[in-house]
Amino acid sequence: MKATSRLICAAAGIAMSVAAPAAADTMKMKVAALGTADNPINKCAPVAIAEEIAARSDGRITAEMYLGGTAFANPTKLYEQVERGITDYTWAVLSYTPGRFGLTEVAGLPLLVSDQVVAARVLNENAEKYLADEFKGVHVLALAVISPNQLHLRQPVASIDDLKGKRIRTASGVIADAVNAMGADAVSMPVTEQYESLQRGVIDGSLAPMATVAAFRLTEVTKAHVTVNLGTTLGVLALSKKFYDRLPDDLKTMIDTEFSGPEIGARISDCWNKVGGRARTLIEEAGNEVIDLDAGEQAKMEALVKPVIEEALADLEASGKPAREFYETLKTEISAASN
């Protein structure tokens, strides 16, 4: 009888040891993203999605935030960190790693995108065919297209010609080349540094989406905003492969079906529309000037920029990438989806 009792106790102990890891199985998801927790873009989607994943996991995933002002939030390191498994989840803007995502950045070329939500759906639908190799180091949830870039200037201009010699903040890459082609001097700088640089006169303007006016309080340091629609910037929402591979199958399925793909890309991209509306209100309240290019100025800008586009496509083709095919696919499908 005593032996039987010992066996029962032992069995109970084994059962408890098997059941015990339920609490211990909680996975900490280190979330790193550009901007603070109060940044309206983060609140709209990138950080909000991380919180939704944690909520949908029924407590098995907890989100630990490393946002603006922390060591893991350096925009030039966000992708590398998630690729190496230093962080688990990231929202990374690709232009901070120039040259690494050459084919992907075809989607951000000037004169291609006017509606970033439509473009994001098209981009994600073609990602597996064209872009898998560029993102092989991470588990991609979605690619996002940020709204077209506009010029935010310390002083108004009357013509594209007035940009000559002005120092304009850009991310880098082809968009910087386009700025230089217009006679300005492109200055590669993270968007997080534009406010202070404008305030101190280090730069004369910033080329960035309209939403950044609200996200970074640019009405305080600018007086004019020129509608140029000069290309877009792209971002990726991704998990580290190490984190994703450790997930149980049901959580993988949940993430793949509910938090991945074209509609997630469209959701993130639409955040710039929502915040951009607030930006226009702030511009009006500040009494800043909004300058829309007339047909002649638009044609002048396009004539300066088109050779930059052609050169970018030719360079990618020379490196063995199907840049023209991808560009034409995007152009055709974006046009069809917009009609």
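All values reported here derive from a predicted model rather than from experimental measurement. (Residues numbered from 1 in each chain as written. Predicted model: local features only at pLDDT ≥ 70, side-chain atom pairs only at ≥ 80, totals over all residues. Heavy atoms only, no water.)

**As for the packing of aromatic side chains**
One pair of aromatic rings is described through two measures. These are the centre distance and the angle between the planes. As a reminder of what qualifies: Each aromatic pair joins two rings of Phe, Tyr and Trp (for Trp, the six-membered one) with centres within 6.5 Å, and gets the label stacked for planes under 30 degrees apart, edge-to-face for over 60, and tilted for any other angle. Strands are runs of DSSP state E lasting at least 2 residues, helices are runs of H or I lasting at least 4, and numbering of each runs from the N terminus. The buried label goes to any residue with under 20% of its type's maximum accessible area, the exposed label to any with over 50%, and the partly exposed label to all in between, with areas taken from a 1.4 Å probe on protein chains only.
What the rule picks out here adds up to six aromatic pairs. Plain terms: the ring middles of Y79 and F101 are 4.8 Å apart, the flat faces sit at 80 degrees to each other, and that makes the pair edge-to-face. Of this pair, Y79 sits in helix α5 (residues 78–84) while F101 is found in the loop between β3 (89–93) and α6 (116–131), placing the two residues 22 residues apart along the sequence. Using a relative accessible area of 0% as the deciding quantity, one classes F101 as buried. Aromatic side chains Y79 and F135 sit 6.2 Å apart centroid to centroid with 70 degrees between the ring planes, which places their arrangement in the edge-to-face category.

**Here's the deal with the sheet that holds strand β7 (residues 185–188)**
Threshold: What makes two strands pair is DSSP finding at least two bridges between them. Whenever a helix is involved, its axis is fitted only over the stretch in contact; in every case the axis is a line through C-alpha atoms, and angles between N-to-C directions fall within 0 to 180 degrees.
Strand order in the open sheet formed by six strands is β7-β6-β8-β5-β9-β11, and the pairing between neighbours is mixed. Two strands bound the open sheet, and with one partner strand each, they are β7 and β11 (289–292). The mean angle between the axes of side-by-side strands here comes to 30 degrees, regardless of whether they run parallel or antiparallel. The pairing of strand β5 (residues 149–153) with strand β8 (residues 205–209) spans five bridges and is antiparallel. Bridge pairing in β8 links Q150 to A208.

**Describing the pairing of β8**
The buried fraction of β8 is high, at five of five residues. Direction of pairing for strand β6 (residues 167–170) relative to β8: parallel, over a ladder of two bridges. What sits directly across from I168, in β8, is G205.

**Section: the state of the cysteines**
Going by this rule: Disulfide assignment relies on a single distance test, namely cysteine sulfur atoms paired within 2.5 Å.
Tallied over the entire structure, the rule returns one disulfide. A sulfur-sulfur distance of 2.1 Å marks the disulfide that ties C44 to C271. Judged by the sign of its S-S torsion, about -85 degrees, the bond between C44 and C271 is left-handed. Of this pair, C44 sits in helix α3 (residues 40–44) while C271 sits in helix α12 (residues 262–286), and the two are 227 residues apart along the sequence. Overall, the relative accessible area of 0% leaves C271 in the buried class.

**Topic: the pattern of salt bridges**
We apply this condition: By definition, a salt bridge exists where a carboxyl oxygen of Asp or Glu is found within 4 Å of a side-chain nitrogen of Lys or Arg.
In total, this model carries 17 salt bridges according to the counting rule given. For K300, the salt bridge identified is with E297, shortest N-O distance 3.3 Å. Of this pair, K300 and E297 are both found in helix α13 (residues 295–318), three residues apart, which corresponds to roughly one turn of the helix. What makes E297 buried here is its relative accessible area of 13%. The structure contains a network of salt bridges with shared partners spanning K77, E80 and R84.

**What to know about the sheet that holds strand β10 (residues 234–240)**
The criterion, for reference: By the convention used here, residues are in contact when the closest approach between their heavy atoms is within 4.5 Å.
Taken in spatial order, the five strands make up an open sheet running β2-β1-β3-β10-β4, and their pairing is mixed. Each edge of the open sheet is held by one strand with a lone partner, namely β2 (61–66) and β4 (138–145). The mean angle between the axes of side-by-side strands here comes to 20 degrees, regardless of whether they run parallel or antiparallel. Taken together, the seven bridges between β4 and β10 define a ladder with antiparallel strand orientation. Its bridge partner being in β10, A142 is matched across the sheet by L237. On the sheet, helix α4 (residues 46–56) packs against β1 (27–33), β2, β3, β4 and β10 and is oriented at approximately 155 degrees with respect to β2.

**With respect to the pairing of β10**
When you tally the buried positions in β10, you get seven out of seven residues, the bulk of the element. Both faces of β10 are covered, namely the face carrying L234, V236, A238 and S240 and the face carrying G235, L237 and L239. Pairing geometry for β3 and β10, over five bridges, is antiparallel. In the sheet register, W91 faces β10, and the bridge partner there is L237.

**Observations regarding the nonpolar core**
Note the threshold: By convention a nonpolar core is built from buried Ala, Val, Leu, Ile, Met, Phe, Trp, Tyr and Cys residues, the set being connected through side-chain atoms within 4.5 Å.
Grouped together as the largest cluster of nonpolar side chains are 107 residues, with contacts concentrated most on Y89 and V106. Apart from the residues within four sequence positions on either side, V106 is in contact with L112, L313, L316, A323, F326, Y327 and L330.

**Looking at the environment of E51**
Inspection of the secondary structure puts E51 in helix α4. Between the alpha carbons of E51 and I61 there is a distance of 9.4 Å; along the sequence they are ten residues apart.

**Side note on the packing of α6 against helix α14 (residues 323–338)**
We count it as follows: By the definition used in this description, the sense in which the near helix is turned from the far one sets the handedness, with an anticlockwise turn below a right angle giving left-handed and a clockwise turn giving right-handed. In the scheme used here, Gly and all other residues not listed as nonpolar or charged are polar, with Ala, Val, Leu, Ile, Met, Phe, Trp, Tyr, Cys and Pro taken as nonpolar and Asp, Glu, Lys and Arg as charged.
Between α6 and α14, the shortest axis-to-axis distance is 9 Å and the interhelical angle comes to 145 degrees. Between α6 and α14 lies a crossing whose hand is right-handed. Mapping the contact onto sequence places V118, A119, V122, L123, N126, K129, Y130 and L131 in α6 and E325, F326, T329, L330, E333, I334, A337 and S338 in α14. Of the residues contributing to the contact of α6 with α14, the split by class is ten nonpolar, three polar and three charged.

**A word on unusual backbone geometry**
Even without a glycine there, the phi angle at L111 is positive, about 75 degrees. For L111, the position within the fold is in the loop between β3 and α6. In this structure, N229 takes a positive phi of about 45 degrees despite not being glycine. Tracing the chain through its elements places N229 in the loop between β9 (224–227) and β10.

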